[in-house]
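# Structural features, examined
Here is what each chain is made of, one letter per residue.
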Amino acid sequence: MSLVPVLARAMVALALATQACAQEAPELQLELDTGGHLAVIRALSADASGRHVASASEDKTVRVWDLAGAAPPVVLRGYAGPGNDGMVNAVALSPDGRFAAVGGYFGPHHAVDAAFGDVRIFDTRTREVVRVLEGHRYVVDSIAYSAERDELAVTGQGGIVMRWKDPFGAAPEALPPLDSQASRVLRVAYAAGGTRVLAATTDYGLRMWSLPEGAEIAPPEAEPLWDIVVSGLAVSPDGARFAVSGSDGRVEIRASADGAVIARLPERPFRADALAFTPDGRLAVGCSYRCAGAHEAEVWTPGATAPDTVYRDHDGAVSAALALPSGAVVTAGGRATALHVWQPGANAARRVLSGAGTPVTAAGIAPDASWIAWGRADPCPDRPVCPEVLAPLTMRMDLPQGDRGFGPPGPGDTAAALRARLEGDGRTLSFETAPGAGFEGDTMAISGAAKPVRLRRSATDGYYHSAATLAGDEAISGGASGLLLAYGPDGAFAGEFRGHTGDILALAAAPSAGRLLSAAADRTMILWNLATRAEIARFFVAGDQWITWTPQGYFHASPDGDRMVGWRVNRGRDAAARYIRASELKRHLHSPEIVRRAILAGDPAQAARDLRGTDGELAALLTRAPPAFDLRLASEIDAPEGAAVLEITGAGVEEIEAWGYSILVNDRRVPPLPYPDPTGQGRKLYQVPLGPGENAISVTGEDDFGYVAERAAIALGETVARAPEKAGKLYVAVIGVADYPNLPEGCSGGPCDLAYPVQDAVEMLATLAETTGRLHTEMETLVMVSPSRLAGSDRLMQALSAVTPADAVLPPEGRLVEDALTDFLARPGPEDTTIVFVAGHGLNLDEDYYLLPEDAEQRGGEWRTRSLFDWQILQEELGYALGRRILLIDTCHAAGAFNARLEKDAADARIVVFSATAANNTAAERRDLGHGIFTYALLEGLRGKAASGDGVRLLGLADYVHREVLRLSDARQEPFYSLLETSNFLLAQP
């Protein structure tokens, strides 16, 4: 199934015909950035060496890829508004790769007489717009650069080819236009050493000009091309030949001197927009439309009757092709909109350049909207669209209901899901292709009404019907580029759901719950309010990473999910836009509670106002820029043994340095140790220690406004085996709150006292001293437990006194807990390990999470927050602590006490977390065990039941605890872990 159209977009962008007023572009646009393109890739260009390849996409970005390295691509973003405003169709790199000429639809949405064809010249190092070429009035579809002439040709709608001298250097000079007399020129190229300009058009076939004479050339055998769309054009490396392809499947090779036909390939059963000549003169041909399930690229020797090579790794249409000086071919396309770098004759790609996630092709929703489901399989690979065929559901995510919070996405039971409904209440939806239509499925018929209607889509309203469903009295249909429309029983337009940017691929309505779920090629799903047609929340899932967010910017995410979503902030039409990731605004916008309330009530704006007093916080936040700096490994400097040297650069270095850097190496926080610059240039160099193998280095700067900027690098440490050495100190803090004298009726109308937190804390301390303490040079402790439980137990006092003096034990009272922990967590150094264990009651109040200390109080049935311990304080202080940090939490003794925001914050700080419960289950105590189930499993694992080889390692303990908690709770309790960027280190030796 073709997921995105491959023909050019119309000048009037995908808008309703009934809407005639121009819209002002918003100053910011929500965007995914998963590491690759999210929409069809329209053009490719390479520098002279073939090391850097630029790709232009309908997702309104250009990405410049370094094929010789592993660094992420440079992303070029210009001004972008709603609809097609800012869509990129064409790119050309300068020979040295320093500059990129970018063209497309650069004008206001719905405008009919504005200039759309300005070309932006980006500096690929700074990502800034350094020049704007004005003169091409209409939408740009193609840009070509001639190294021989140092000249740029620009073309597209309006039938005009314009040329600029020295476009990447001095101020450009606009040359007289060459009128192609065609409604649209899809491709332009230079040939024959820059002496020829070639143009492929929609209604006048092939056009040629000789630049020395300034005259048009009439190619022989050109008449058959007049009646088709000539959609593909490529020139051989020596410039002597070129190839054209048409909508009828023809592919011809012609001479650049006069356009004479040299060879014709056998007529292809598909339309080939993607053409490229290899250095040895062969022609790469990519299937772009009507591929019948065979999304392949062929390599032909001119005159042959069969291709030399067929590359079959694409899973969708091939939209662009490029051959490199090395002989490799780059083809772009597929459902993942990826760049495939491959060698003709090889069986697999040398490299695939893409981002996380793939289009979502299936959607399902529970009748009460309590969960959603989705899938990603292509339901009809041999057809462009098939709204009547439903792809299977394979994944599910529980949504908030009552006291229940979010469940993590994953495989689950989807049998009860509501799917797209094409028949019911006496109506039927069916799909047709009108005679002469450019795309299949352009017509939807609604039968059963008083008067059957046919709704035909065109360039102004989505081209085709790619998904549809009945929902109450309405029929809802989705098409290209995110257009999602509702129609009344008589076929009249009833409303629009605005949010998606990619083709709508699946719909599912739950009318009784007032919800609609849509899934799209832009890799996201949106939950809509059927009554208001407003977006409630959007979902993106890619492997273990996911994020859901509201239009107001508030989000709930997995540990790294917020690094894949951000906002493009416009700075004017002739300037590059800023891009601010959600992770940079985490302190302000990370709010699972706002997202939960938005989904429950169906009104995200009201949810934001209820908790924050405003629904416009995002716009205010984006008026400022986050800290700006860059990070690189200074590999040219001989670093000390077991260390790496980092260089931090950028305009904001001095400002950020005043606030201070936080540096993580895997799961250890290390201090930024200045390193002398051997060049004497005063560079900002820092030395960081490395462990064996791969080291994930993260440098974070946070300003006073709460912006967080993070840069990352990978360094390899030595892997030579050494004799084991004892680590630094072990710091252990245990907190056990069992008695709540001020809360005789504070927990569901009864006392809040717990049976085992003190026993849990004391035995955890003793066990860590016996098993983990021996791996460290010495051990320091902080013990805060309910004193009454100690006084009545000789066994606990004996276990405690073996580790720490009894008179050092502190009562777990709110202010005392805060002061003692803050002081204790300031002591560890970079080689030390800190373990914090907490057992007691945890409590959610709105967005915040609290530990109930022994002196917790209520007044009039409401909690006195001043009597509670704010968990954020513990987590921040632990995050600031140097060395390795481990957090063991057995506080979630009531359903709903799990706090997703704080669990994610701990994971972001690379704190190793073991928690008694995941979302939506309860931590239990068992009398026969004498402990909470989670703590019992931890103790048993540390004492040897999780051991293998040299002792208990982190991942082995996690696996053992997970299995034991499930077994001991009859699967009613499931622990939660965060083990990001950490090695499987030795944790204990029983």
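The structure we're discussing is the one just above.
As the structure is a prediction and not an experimental result, all values here were calculated from the model.

## A few points about the packing of helix H13 (residues 933–945) against helix H14 (residues 954–968)
Two numbers describe how H13 lies on H14: the axes approach to 9 Å, and their chain directions differ by 135°. Relative to H14, H13 is oriented oblique. Handedness of the H13/H14 crossing: right-handed. Within the contact between the two elements, H13 uses Ile933, Phe934, Tyr936, Ala937, Leu938, Glu940, Gly941, Leu942 and Lys945 and H14 uses Leu957, Tyr960, Val961, Glu964, Val965 and Leu968. Tallied by class, residues from the contact of H13 with H14 come to eleven nonpolar, one polar and three charged.

## Details of the packing of aromatic side chains
Applying the stated rule across the entire model yields eleven aromatic pairs. Taking 4.6 Å as the distance between ring centres and 5° as the angle between the ring planes, the aromatic pair formed by Tyr311 and Trp342 counts as stacked. A residue pair is termed long-range when its members are at least 10 positions apart, and Tyr311 in strand E26 (residues 309–311) and Trp342 in strand E29 (residues 338–342) qualify at 31 residues. Per residue, the accessibility class of Tyr311 equals that of Trp342, and both read buried. Each residue in the set Tyr289, Phe439, Tyr463 and Tyr464 is aromatic and connected to the rest through ring pairs, giving one cluster.

## Quick word on the state of the cysteines
Note: disulfide means a covalent bond formed between the sulfur atoms of two cysteine side chains. The full count for this structure, using the stated rule, is three disulfides. Cys747 shares a disulfide with Cys752; S-S distance 2.0 Å. Across the S-S bond of Cys747 and Cys752 the torsion is about 105°, and the bridge reads as right-handed. The exposure class of Cys752 is buried, given its relative accessible area of 0%. Cysteine pairing for the protein chain, with bonded cysteines counted in sequence order: 1-2, 3-4, 5-6.

## Details of unusual backbone geometry
A positive phi is found at Ala192, a non-glycine position, where the angle reads about 55°. Residue class for Ala192 comes out partly exposed when judged on its relative accessible area of 25%. With phi around 50°, Glu221 is a residue other than glycine that occupies positive phi space. Tracing the sequence through the fold places Glu221 in the loop between strand E18 (215–217) and helix H1 (223–226).

## A closer look at H14
The terminal C-alpha atoms of H14, which comprises 15 residues, lie 21 Å apart, in line with the 21 Å expected from a rise of 1.5 Å per residue. Residues of H14 that are buried include every one of Leu954, Leu957, Ala958, Tyr960, Val961, Glu964, Val965 and Leu968, and no others. Angularly, the buried residues of H14 cover 170° about the axis, an arc narrow enough to put them on a single face. In this structure, the buried residues of H14 make contact with strand E67 (912–915), strand E68 (925–926), H13, strand E70 (952–953), strand E71 (976–978) and strand E72 (986–988). Following H14 by one or two positions, Asp970 has its phi on the positive side, about 55°.

## Considerations on the pattern of salt bridges
A side chain with one charge may pair with a side chain of the opposite charge, provided their charged atoms come close. Summed over all chains, the structure comprises 70 salt bridges. The shortest N-O distance in the salt bridge between Asp141 and Arg184 comes to 2.6 Å. Of this pair, Asp141 sits in strand E10 (residues 140–146) while Arg184 sits in the loop between strand E14 (178–179) and strand E15 (185–191); the two residues are 43 residues apart in sequence, bridging distant segments of the chain. With respect to burial, Asp141 and Arg184 carry one shared label: buried. Asp846 is paired through a salt bridge with Arg597; the nearest N and O atoms lie 2.8 Å apart. Residue Asp846 is found in the loop between strand E61 (842–845) and strand E62 (848–851), and its partner Arg597 is found in helix H3 (residues 592–601); the two are separated by 249 residues along the sequence. Connected through salt bridges with shared partners, the residues Asp560, Asp562, Arg563, Lys586, Lys904, Asp905, Asp908 and Arg910 form a single ionic network.

## Some words on the sheet that holds strand E34 (residues 423–424)
Across the sheet, four strands lie side by side as E34-E35-E36-E37; this open sheet has antiparallel pairing. Looking at the sheet topology across the chains shown, the edges are occupied by E34 and strand E37 (453–456). Sheet topology note: the E34/strand E35 (residues 427–432) ladder contains two bridges and is antiparallel. Looking at E35, one finds that Glu423 is bridged to Thr428.

## Things to note about the pairing of strand E27 (residues 318–323)
For E27, the buried fraction is high: six of the six residues fall into the buried class. Linking two consecutive strands that pair antiparallel, namely E27 and strand E28 (residues 329–333), is a turn of five residues; a positive phi of about 100° is found at Gly327 within it.

## Points about the pairing of E10
Among the seven residues that make up E10, six are buried, leaving the element largely enclosed by the rest of the structure. Bridge count for E10 against strand E11 (residues 151–156) is six bridges, and the pairing is antiparallel. Directly across from Ile143, in E11, lies its bridge partner Val154. The hairpin turn running from E10 into E11, its antiparallel successor, is four residues long, and Asp150 in that turn takes a positive phi close to 45°.

Reading guide: rules and limits
- Residues numbered from 1 in each chain as written.
- Predicted model: local features only at pLDDT ≥ 70, side-chain atom pairs only at ≥ 80, totals over all residues.
- Heavy atoms only, no water.
- Axes fitted to C-alpha atoms, helices over the stretch in contact; angles between N-to-C directions.
- Helix = DSSP H or I, 4+ residues; strand = E, 2+ residues; numbered from the N terminus.
- Parallel < 35°, antiparallel > 145°, perpendicular 65-115°, else oblique.
- Left-handed = near helix turned anticlockwise from the far one by under 90°.
- Contact = heavy atoms within 4.5 Å.
- Nonpolar A, V, L, I, M, F, W, Y, C, P; charged D, E, K, R; others polar.
- Phe/Tyr/Trp six-rings, centres within 6.5 Å; stacked < 30°, edge-to-face > 60°.
- Buried < 20%, exposed > 50% of the residue type's maximum accessible area, 1.4 Å probe, protein only.
- Disulfide = S-S within 2.5 Å.
- Expected span 1.5 Å × (residues − 1).
- Arc of directions from axis to C-beta.
- Salt bridge = Lys/Arg side-chain N within 4 Å of Asp/Glu carboxyl O.
- Pairing = 2+ DSSP bridges.

Interpretation note: all reported values are geometric properties and have no functional meaning in isolation.
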